[in-house]
Amino acid sequence: MGGIGKTALALAVGHAVRGSGAFTGVVFLDLRGYDDVPAEASHVLDDALRQLDVGADRIPPGLDQRASLYRAQLAARARNGERVLVIADNASHVAQIEHLRPGDGPHRLLITSRDDLSAVGARLVDLDVLRTDEAVDLLDTVLQERLGADDRIGAHPDGTRRIAELCGGLPLALHLAAALLVGDRGMTPGQLADDLEDPGERLDLLDDGSRTVRAVLDRSYRRLTPPQQELFRLLGLNPGPDLSLDATAALTGADRSRNVRPLLIALANASLVQQSRVGRWSMHDLVRAYAREHAGRYPEPSAEALRRLLAHYTEVAADADGSLRLSRGSYRSRFDDRGQALEWFDAEYTNLVMAVRTAQEAGHHAISMRLPKLLAHFLRFRRHIEDQLAVCTVARDSATVVGTRSDQAASWHELGLVLQELRRSGEAEHAHRTAIDMYRESGNRHGEARGLSDLASLLCQSGRAEEAERVYCHALAICQELRDKSEEAIVWNRLGLVLQESGRHEEAESAHRAAAANYHECGDQHGEAIAWSHLGGVLRELGRFGEAEQAHQNAIDDYRQLGPGHDRSFVLNNLGLTLRESGRYDEAERAHREALADCERFGDQHGTAVTWNHIGMALRGAGRFGEAAEAGRRAAALFGEGGDDFRQGKVLEEVAATLEAAECPAPEVRAYREAAADCYRRAGAEAEAANALERPDS
């Protein structure tokens, strides 16, 4: 792309090969291919011949004659044992360079261009932007060359890295940023980074009076055809870092994605976009800012294009969410299975999160309210909980502006679930109670029941089991009054877990059986499998291992009927726990490893961590302490990567128990208990931290 440093690199190559003796001479030709008036081939050959020591009176007037003389001069030098490197800088089309080919022999032609000139048979070398550390080195080098002793780069590493990142590693932008520091010796890199933060202002600031990033991009933009210019402008509207062909088609309003592919290839050949991954196209940040500037000059078409793109993301997200949840039976969508839906979500993840904020800012509040709901399951599955909090906050704000009371209740409800996941219990309870009040005010009884059920789940998580049971019973009464079998099944299932936690196993058994029956009546085989698995857990605690194993097998049979593409790790892990409790450690390990395969197949890092912990406990039961401790460490590392401090603490306690069982030295056991306590404290779980430290080490 423009400003990448092609000319500087070509000059450096010329000096290097001349100095090393690889070439005896270098001819440098500026073709000015991106100026308003590019150099004509005849004038370029005139320059080349003069550099090859041909007198002005010997240079013929015609293009073909000059080309013949050029080749003759190179041939004569080859016979004399000379080797010439011809550098054709800033070529914009084949006609500028077709007469410069040196032909057979030792001479070589090096071309720099923003365009793909592979038609001449050249080998392409794509230049990428600098890495952050390289960009920092460049900034430091420029300041040292201009000012001598200047320690601002070394003294302000964070600010300097921000400059490097805001310039996107583009050498021209970095040189211009360095010029600003040279011009104001009192400015720190952090202050300059603050000035460069706004993308629009960044283009204005990166200007030293003779060079600007905008001028470089202007020259590339003017060479595009009108359809190419239109697409270039619209690409800048995408809220995220890259676009698929389908999204590009939606942006432009094209009927089929193949209709936009030739335009994208043309922009890529002009080095204004690049194919970042197969089927995905991206822009440098400064190029995107420039494209948005131009899009702003066409407000109505740009606004309509953005609306189409946001609608596309929402429509496809609805299909992907339905396929990912797998709770709607034979859900018909554009995705064949859960794996395909996950692949799409993973590819579009950043675009989708940023689209929520973009929709709100553009006044598309219906989208900024709906899209977070469609992202919820995926974000929770991938443990992108902070991003989920951000989009749910936007949805709540949009609902406050334009939503009905029921919309506002739903947005508070979803926000409460995210805060609950983050273990911000006080805020989560406020959100849930606000949602319940709003559901009641709007007469949404179904919503009220769901809100009460989730509030009860939070209360249970907070150790308020009796209060949770009362709230669940209230939710259950509403579901039965409404004859909402689906929600009733969920409440029975959750109530069973509370009863189980309270040691009331017979009542818990009845609750889970009621849940399974309701799920079966609704035709929700996935939910029924979960209920069977929970029932197996209760039967395990009652010591009825045969019945527990059969309940888990019922759940596995349900999954088998659902077909491939379903994550069975939950029920397989529960089966493993039952087998472990009954002393069948090898079988338990096999069940957990089968669950692990499912987790890894779907990229479920959280589930993978949980399963490694279960494997560790099964191995400990079998007396394989070294393997058990290693499995626990793997689980702890995964929870740490996912930012789940609470569960990391629990796993580290399990590792301590394993080391204790292996009769390891007390200080080693103590170290793991202290690490567990640190994790609990980070999660705000002071009681658990104290308990971890109070346990004896041997």
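Quick caveat, the model's predicted, so the values are computed rather than measured.

Caption draft 1: A look at the overall build of the chain. Across its full length, the chain carries 33 helices and six strands. Seen through its principal axes, the chain has C-alpha atoms that stretch 110 × 65 × 55 Å. Expressed as a percentage of the 698 residues in the chain, the buried residues total 50%. In the chain, the proportion of contacts linking residues at least 24 apart, taken out of those at least 6 apart, comes to 61%. Here the chain has roughly 31,400 Å² of accessible surface; of this, 48% comes from carbon and sulfur atoms. Treating the 83 positive side-chain charges of the chain as one cloud and the 109 negative ones as another, the clouds have centres 4 Å apart.

Caption draft 2: How the structure looks around the packing of helix H23 (residues 485–501) against helix H25 (residues 525–541). Across the interface, H23 lies against H25 with an axial gap of 10 Å and an inter-helix angle of 15°. Between H23 and H25, the angle falls in the class roughly parallel. Like other packed secondary-structure pairs, H23 and H25 cross with a definite hand, here left-handed. Facing H23, whose interface residues are Asn493, Leu497 and Gln500, H25 presents Ile530, Ala531, His534, Gly537, Val538 and Glu541. Partitioned by chemical class, the residues of the contact of H23 with H25 number four nonpolar, four polar and one charged.

Caption draft 3: Looking closely at the sheet that holds strand S5 (residues 274–277). Pairing is antiparallel in the open sheet, where three strands are placed in the order S4-S6-S5. With one partner strand each, in any of the chains shown, strand S4 (242–244) and S5 form the two edges of the open sheet. Within this sheet the neighbouring strands show an average axis-to-axis angle of 40°, counted without direction. Where S5 and strand S6 (residues 280–282) come together, three bridges link them in antiparallel fashion. Following the sheet pairing, Gln274 is matched in S6 by Ser282.

Caption draft 4: Just the packing of aromatic side chains, in detail. Applying the stated criterion across every chain, the model contains eight aromatic pairs. For the ring pair Tyr221 and Tyr290, a centre distance of 6.1 Å and an interplane angle of 80° mean the geometry is edge-to-face. Separated by 69 residues along the polypeptide, Tyr221 in helix H10 (residues 213–222) and Tyr290 in helix H14 (residues 285–295) bring together distant segments of the chain. For Tyr221, a relative accessible area of 8% translates into the label buried. Seen in terms of ring centroids, Phe345 and Phe378 are 4.7 Å apart; in terms of plane orientation they differ by 15°. Their pairing is stacked.

Caption draft 5: Fine view of the environment of Ala355. As for its placement among the helices and strands, Ala355 is situated in helix H16 (residues 338–361). The sequence separation of Ala355 and Ala591 amounts to 236 residues, and the corresponding C-alpha distance is 41 Å. Not counting the four nearest positions on each side in its chain, Ala355 is found in contact with Pro239, Leu310, Tyr313 and Leu371.

Caption draft 6: Here's a closer look at the sheet that holds strand S3 (residues 108–111). Spatially, the three strands line up as an open sheet ordered S1-S2-S3, and their pairing is parallel. Every interior strand has two partners, whereas the edge strands, strand S1 (25–30) and S3, have only one. Strand-to-strand twist of the sheet, defined as the mean angle between neighbouring strand axes without regard to direction, takes the value 15°. Bridge count for S1 against strand S2 (residues 84–89) is six bridges, and the pairing is parallel. By the bridge assignment, Val26 is partnered in S2 with Leu85.

Caption draft 7: A nonpolar patch on the surface, seen in detail. A grouping of Leu9, Val125 and Leu127 is seen on the molecular surface, where their side chains present a nonpolar patch of about 250 Å² in accessible area. For Leu127, the location among the structural elements is in the loop between S3 and helix H4 (132–147). Overall, Leu127 belongs to the partly exposed group, its relative accessible area being 33%.

Caption draft 8: Region of interest: the pattern of salt bridges. Taken as a whole and judged by the stated rule, the model has 54 salt bridges. Taking the shortest distance from any N to any O, the salt bridge between Glu469 and Arg504 comes out at 2.6 Å. Note that Glu469 is positioned in helix H22 (residues 465–482) and Arg504 in the loop between H23 and helix H24 (505–522), a separation of 35 residues in sequence. Relative accessible area serves as the criterion here: at 28%, Arg504 is assigned to the partly exposed category. Here Glu594 and Arg568 are joined by a salt bridge, their closest N and O atoms 3.3 Å apart. On the criterion of sequence distance, the pair formed by Glu594 in helix H28 (residues 585–601) and Arg568 in the loop between helix H26 (545–562) and helix H27 (569–581) is long-range, its members being 26 residues apart. Residue Glu594 is classed as partly exposed on the basis of its relative accessible area, which comes to 38%.

Caption draft 9: Quick look at the environment of Glu653. Within the secondary structure layout, Glu653 lies in helix H31 (residues 645–661). Through-space distance from the C-alpha of Glu653 to that of Val394 is 38 Å; in sequence the pair is 259 residues apart. If we ignore the near neighbours within four places in the chain, the residues touching Glu653 are Arg673, Ala676, Tyr680, Ala692 and Arg695.

Caption draft 10: Spotlight on helix H32 (residues 666–682). Under the 1.5 Å per step criterion, the end-to-end length of H32 is 25 Å for 17 residues, consistent within 8% with the ideal 24 Å. Among the residues of H32, Val669, Tyr672, Arg673, Ala676, Ala677, Cys679 and Tyr680 are the ones counted as buried. Taken end-on, H32 shows its buried residues confined to a sector of 160°, consistent with a single buried face. Along H32, exposed side chains directed more than 90 degrees from the buried face belong to Pro667 and Arg682. Looking one or two places after H32, you find Gly684, whose phi comes out positive at around 80°.

Caption draft 11: Summary view of the side chain of Arg288. Turning to its location among the elements, Arg288 is positioned in helix H14. Not counting the four nearest positions on each side in its chain, Arg288 is found in contact with Gly236, Asn238, Gly240, Pro241 and Met283.

Caption draft 12: Structural detail: the nonpolar core. Residues Ile163, Val213, Phe232, Leu235 and Phe345 are the most contacted members of the largest nonpolar core, which totals 88 residues. Sequence-distant contacts of Phe345, that is, excluding residues within four places in its chain, are made with Ala317, Ala320, Asp321, Leu324, Leu352, Leu374, Leu375 and Phe378. Core analysis: the second largest hydrophobic core is formed by 42 residues, Leu452, Ile478, Ala516 and Tyr519 among them.

Caption draft 13: Spatial organisation of the packing of H28 against helix H29 (residues 605–621). The contact between H28 and H29 brings their axes to 9 Å, and the two run at 165°. Compared by their axis directions, H28 and H29 come out roughly antiparallel. Here H28 runs over H29; the crossing is left-handed. From H28, Tyr585, Ala588, Glu589, His592, Arg593, Ala595, Leu596, Cys599 and Glu600 reach across to H29, where they touch Gly607, Thr608, Thr611, Trp612, His614, Ile615, Ala618, Leu619 and Gly621. Looking at the contact of H28 with H29 residue by residue, the class counts come to nine nonpolar, six polar and three charged.

Cut-offs and rules
Every chain begins its residue count from 1, and numbering advances along the sequence as written. With the structure being a predicted model, the display of local features is reserved for residues of pLDDT at least 70 and the display and counting of side-chain atom pairs for 80 or more, all residues being used for whole-chain, interface and lining totals. Derived side-chain values reflect all non-hydrogen atoms in the structure, with water molecules and hydrogen atoms excluded from consideration. Put simply, DSSP H or I for four residues or longer makes a helix, DSSP E for two residues or longer makes a strand, and each gets a number counted from the N terminus. Buried residues are those whose accessible area, probed at 1.4 Å on protein chains only, stays under 20% of the maximum for their type, while exposed residues exceed 50% and partly exposed ones sit between those limits. Only heavy atoms matter for contacts: two residues are in contact if any of them lie within 4.5 Å across the pair. Where accessible areas are quoted, they stem from the Shrake-Rupley method and a 1.4 Å probe; at the residue level, only the protein chains shown are allowed to cover. A residue counts as positive if it is Lys or Arg and as negative if it is Asp or Glu; His and the chain ends are not included. By convention, the charge on Lys lies at NZ, on Arg at CZ, on Asp at CG and on Glu at CD. In this analysis, axes come from line fits to C-alpha atoms, helices being fitted only over the stretch in contact, and the angle between any two N-to-C directions falls in the range 0 to 180 degrees. Reported orientations rely on four angle classes, namely roughly parallel under 35 degrees, roughly antiparallel over 145, roughly perpendicular from 65 to 115, and oblique for the rest. Handedness of each helix crossing follows the sense of rotation of the near helix against the far helix: counterclockwise by less than a right angle gives left-handed, clockwise gives right-handed. Following the grouping adopted for this structure description, the nonpolar residues are Ala, Val, Leu, Ile, Met, Phe, Trp, Tyr, Cys and Pro, the charged ones are Asp, Glu, Lys and Arg, and the polar ones are all others, Gly among them. What makes two strands pair is DSSP finding at least two bridges between them. For Phe, Tyr and Trp, rings pair up if their centres lie within 6.5 Å, where Trp contributes its six-membered ring, and each pair is then called stacked (planes under 30 degrees apart), edge-to-face (over 60) or tilted (otherwise). Patches in this entry comprise residues that are over 30% relatively accessible and not in a salt bridge; like charges within 9 Å are linked, as are nonpolar side chains (Val, Leu, Ile, Met, Phe, Trp, Tyr) within 5 Å. Note on definitions: salt bridges are taken to be side-chain nitrogens of Lys or Arg within 4 Å of carboxyl oxygens of Asp or Glu. In a helix, the anticipated span is given by 1.5 Å times the number of residues less one. In this description, the arc belongs to the directions extending from the helix axis to the C-beta atoms. We call a set of buried residues a nonpolar core when its members are Ala, Val, Leu, Ile, Met, Phe, Trp, Tyr or Cys and they connect through side-chain atoms within 4.5 Å of each other.

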